[in-house]
Amino acid sequence: MNNENEEKIKVETKNSENGKKKKTRIRIIISIVLIVLSLLMLASVFLSPRYGVIEDSAKPIIYLYPEEEMQITVTLGKSENVTCIYPEYNGCWNVIAKPNGNLIDLNTGRNLYSLYWEGISNVKMADNTGFVVKGIDTAKFLEEKLAILGLTDREAQEFIIYWLPQMQDNNYNYIRFATMEEINEMMPLHFSTEPDSLIRVLMTFKPLNEYIDVPEQKLTTPIREGFVVVEWGGSKL
């Protein structure tokens with residue numbers, strides 16, 4: 001009888017140990033699966049063929065704010081990459097610019113408030129910094145960051161009402177602002193009278209289903225004085 005009890009205890013002990021080992025293996029497998037899923041999610045952002053390359057620029061518009069009314073020509077350095085433009089561009093834009101930002105197109109006599117172009121590019125992003133923002137928080141985020149980047153409330157409003165419909169319903173958005181070097185490489189701008197302050201804002205973003213950690217991008221506020229030129233646009237990765 002004692003031998004039978006001992007054997008029974010040994011079997012129960014062995015089964016208990018096997019059960020614990022099985023649970024440990026299951027936990028390890030679950031952990032590995034979660035790690036793999038996280039890596040795949042990161043790869044969908046950072047290893048996709050499109051990530052890291054700014055392939056287009058949507059709705060860049062240019063504002064001119066001279067200190068006094070003046071005639072200015074604006075030239076796009078890579079006009080061969082332009083896919084859409086307004087007003088008509090004949091080697092340059094030729095306008096009368098007023099301090100309040102109003103423009104008169106000297107080719108047509110039309111009153112304008114900005115110059116518009118869209119184009120293609122193949123500019124590589126310098127790093128993988130940025131921000132991951134809930135879709136519902138996009139408007140507040142853009143208000144804050146666009147102010148830091150030097151846009152006025154009116155300029156920021158025009159930026160937000162154009163981009164917000166593409167971003168607010170996403171679970172999250174990965175957002176990065178291109179550097180001045182990247183923007184200038186994509187589309188150099190030339191002026192008959194050089195501005196004292198040139199502010200160019202190009203937002204790149206990618207919709208995400210889940211939150212990911214990325215190094216936070218450091219933004220600096222430009223000086224806005226004298227003859228000011230402002231441009232904003234964006235690109236979906």
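Residues numbered from 1 in each chain as written. Predicted model: local features only at pLDDT ≥ 70, side-chain atom pairs only at ≥ 80, totals over all residues. Heavy atoms only, no water.

Asks: Please give an account of the overall build of the protein that cites residues and values.
Replies: Broken down by element type, the protein carries four helices and 12 strands. Residue pairs at least 24 apart in sequence account for 82% of intrachain contacts in the protein once pairs closer than 6 positions are excluded. (Helix = DSSP H or I, 4+ residues; strand = E, 2+ residues; numbered from the N terminus. Contact = heavy atoms within 4.5 Å.)

Asks: How would you sum up the environment of V230? Please name residues and give values.
Replies: Counting through the fold element by element, V230 comes out in strand β12 (residues 228–236). Residue V230 is classed as buried on the basis of its relative accessible area, which comes to 0%. It is 9.7 Å that separates the C-alpha atoms of V230 and T152, two residues lying 78 residues apart in sequence. (Buried < 20%, exposed > 50% of the residue type's maximum accessible area, 1.4 Å probe, protein only.)

Asks: Describe the pattern of salt bridges, and please don't skip the residues or the numbers.
Replies: A full pass over the atoms with the stated rule returns six salt bridges. A salt bridge links E144 to K145; the shortest N-O distance between them is 3.2 Å. Residue E144 is classed as partly exposed on the basis of its relative accessible area, which comes to 45%. A residue is classified by how much of its surface remains accessible, and K145, at 11% relative accessible area, is buried. Salt-bridge contacts for R176 lead to E182; the nearest nitrogen and oxygen are separated by 3.0 Å. Note on accessibility: R176 and E182 belong to one class, buried. In this structure, a network of salt bridges that share partners links the residues D127, R176 and E182. (Salt bridge = Lys/Arg side-chain N within 4 Å of Asp/Glu carboxyl O.)

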